[in-house]
Amino acid sequence: MRPVALFVPALVIVGLAGSARSEEVDRYRLEKTETGYVRMDTQTGAMSICEEKTGQLVCRMAADERSALQDQLERLQSRLDGLEARIAKLEAQPSIPKVLVPSDEEVDKSLDIMEKFFHRFMGIMKDIDKENAQPQRT
């Protein structure tokens, strides 16, 4: 293989890695304060308070974001507990499907409707037979 053929893919890979690294570097903004720094995530808007300790920058979430995160965790935990309870209840039920049998009243009502339908239908058929049986006079 020729050296140029190897160089082009390597250049593309380095370029992509550099682009991703550039996006990661530009993601956070640091602002100096009296006690340290404030770091803002430009993608999410989350803010952290940072202090320099033993030559390293140590960051922690801002108090209001921590409480908002804790609230969301509690809501999600509550929702998860409810879903787990529903699943447990559904799993405890027998898996054999119940056969729905109509009550005697429902059967009687259905038969009454069918009887009424057939009586009317038979009446119509008798009327048609009478019309066809009579000689037509012109």
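Please refer to the structure higher up on the page.
Residues numbered from 1 in each chain as written. Predicted model: local features only at pLDDT ≥ 70, side-chain atom pairs only at ≥ 80, totals over all residues. Heavy atoms only, no water.

### Quick notes on the state of the cysteines
As enumerated under the stated definition, the model contains one disulfide in all. Residue pairing for C50: its cysteine sulfur links by disulfide to C59, the two sulfurs lying 2.0 Å apart. Sign of the S-S torsion, about 105° for the bond between C50 and C59, identifies this disulfide as right-handed. Under the relative-accessibility criterion, C50 is labelled buried at 1%. (Disulfide = S-S within 2.5 Å. Buried < 20%, exposed > 50% of the residue type's maximum accessible area, 1.4 Å probe, protein only.)

### Concerning the packing of aromatic side chains
Counting across every chain of the model gives two aromatic pairs. Consider the rings of F117 and F118, whose centres lie 5.3 Å apart with planes at 70°: the pair is edge-to-face. Here F117 and F121 contribute two aromatic rings whose centre-to-centre distance is 6.2 Å and whose plane-to-plane angle is 15°, an arrangement assigned as stacked. Placement of the pair is F117 and F121 together in helix α3 (residues 104-133), with a separation of four residues, close to one helical turn. On the accessibility criterion, F121 (39% relative accessible area) is partly exposed. Here the aromatic residues F117, F118 and F121 are joined through ring pairs into a cluster of three or more. The ring centre of Y37 lies 4.9 Å from the NZ or CZ of K32, which sits over that ring. If you follow R39 out to its NZ or CZ, it ends over the ring of Y28, 4.8 Å from the centre. (Phe/Tyr/Trp six-rings, centres within 6.5 Å; stacked < 30°, edge-to-face > 60°. Helix = DSSP H or I, 4+ residues; strand = E, 2+ residues; numbered from the N terminus. Lys NZ or Arg CZ within 6 Å of the ring centre and 35° of its normal.)

### Here's the deal with a negative patch on the surface
Negative charge collects at one region of the surface, where D104, E105, E106, D108, D112 and E115 lie side by side. Looking at where D108 falls in the secondary structure, it is placed in helix α3. The class for D108 is partly exposed, based on a relative accessible area of 46%. (Patch = residues over 30% accessible without salt bridge, like charges linked within 9 Å, V, L, I, M, F, W, Y side chains within 5 Å. Areas by Shrake-Rupley, 256 points an atom, 1.4 Å probe, with all protein chains shown as cover. Salt bridge = Lys/Arg side-chain N within 4 Å of Asp/Glu carboxyl O. Lys, Arg positive; Asp, Glu negative; His and termini not counted. Charge placed at Lys NZ, Arg CZ, Asp CG, Glu CD.)

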